[in-house]
Every structure is written in structure tokens, then in C-alpha cells.
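Summary of the model geometry
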Amino acid sequence: MRLLLTTILSLMLVTATAFGAKKLDEENITKTLDAVKIAKEHMNIKAMRKHFLSRASISLTKQDIESSQTERYTFDEYTRHLSKQWKQVDSNLIEIQERKFSIDPDGRSALIKATLVQTLELKGVKTATTVYETIGVKLIKGKIYINYYSARSMLNTAMRVN
């Protein structure tokens, strides 16, 4: 009996994942974004890569009270940028404060705005910074991909936390 129940549950899981998402909704978008967040926390580009389109557009802005500096990347350039940065990072913790979803009526694309606090540890010093993200996602053949990612780090919010 237990084996039969396990087999049925396994088949249901395989069937559900085989067909993928039919439309975007907050739940399936959140699962994708959380997987990316975990990959970033573990500094795992390979795990992150499967959630981005290769032609994704990346925009990173560092802003303080007096100035703003924006860099634009292709996804490959972004992964090289992260690899260089992560060599210096001891730990990376990301806490999502808020996410707002704007899903197109056809359920094929969405724009997500998020506020998070990122705590980086470099050489034993932890610094927390507020980051505002805008993420564009598309549903392609039942899978959710990020096609646009913008992060604005508010340097004036950076504070030492240890």
C-alpha cells in the first residue's frame, strides 16, 4: 500500500513538472526568484544561469545621495562580474522585504519590483545595504526565465552590522 501511494505521488509530481507552467502567477514566479536568490546567496552561477535567458539585459546601479553610477551587462558579462566580486565575499545573505507583481493579462510575461536587504561579509566585516530590484520574466515553453534584471544599490543605506 505504501509503495503504491509513493508511486502515485511520484507520477503526479513528474506529470506536473513535465508540462511546466501554463501561465505566470505569483506563486510560480516566487519559486523561480527564490531559486535565484538561493543561488546568489551560495554564489553559484551555474544554478543561477538556468533561470536567465542568455540574451537577458542586466543593469546595475550604485547610488548614493550625491551620485549614481549605472553599468549595463549581457548575461555572460554579468556572470563574469559576479565571479570577480564573489572571490572577495565570505558570505552573502539576501532578505526579501517586499515584492510587487505586475503580470500581463495573457500570463506570458511579468514585471516584479522587489526591495531587499543584502548583507555581505568581506574580510570579517558585515555590511547591510538596501537594494531595489526590477525583474522582467517571460514564460517560454512552460518554463519561467528572467529576461531583464535591474538592481539599484543604495550606498547611503550601507551600514556595518558586526
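For the structure given in this document, a descriptive report is provided here.

Definitions and limits used
Position numbers for residues start from 1 in each chain and track the written sequence from start to end. For a predicted model such as this one, the threshold for reporting local features is a pLDDT of at least 70, and the threshold for listing and counting side-chain atom pairs is 80 or more; totals across whole chains, interfaces and linings nevertheless cover every residue. To get the side-chain values, take all heavy atoms of the structure and skip hydrogens and water. Two strands make a pair as long as DSSP finds a minimum of two bridges between them. The helix and strand labels rest on DSSP assignments: H or I over at least four residues marks a helix, E over at least two residues marks a strand, and numbering proceeds from the N terminus. Throughout, an axis means a line fitted to C-alpha atoms (over the contacting stretch in the case of helices), and angles, computed between N-to-C directions, take values from 0 to 180 degrees. Note on contacts: a residue pair is in contact if any heavy atoms of the two residues lie within 4.5 Å.

Re the sheet that holds strand β2 (residues 68-74)
Pairing is mixed across the open sheet formed by 6 strands, whose spatial order is β2-β1-β6-β5-β4-β3. On the outer flanks of this sheet lie β2 and β3 (91-103), each paired with one strand and no other. Pairwise comparison of adjacent strand axes, ignoring direction, gives a mean angle of 15 degrees for this sheet. Pairing analysis gives 14 bridges linking strand β4 (residues 109-122) to strand β5 (residues 125-140), with the strands arranged antiparallel. Of the residues in β5, the one forming a bridge with L111 is G136. Each of β1 (52-63), β3, β4, β5 and β6 (143-160) touches helix α2 (residues 26-41); the most contacted strand, β3, lies at about 160 degrees to it. Against the sheet, helix α4 (residues 75-86) makes contact with β1, β2, β3 and β6, and its axis sits at roughly 120 degrees relative to β2, the strand it touches most.

A closer look at the pairing of β4
Direction of pairing for β3 relative to β4: antiparallel, over a ladder of 12 bridges. What sits directly across from I103, in β4, is A110. Between β3 and β4, which pair antiparallel one after the other, the connecting turn spans 5 residues, and G107 there sits at a positive phi close to 75 degrees. The antiparallel pairing of β4 with β5 creates a hairpin that spans 2 residues between the two strands, and K123 there sits at a positive phi of about 50 degrees.

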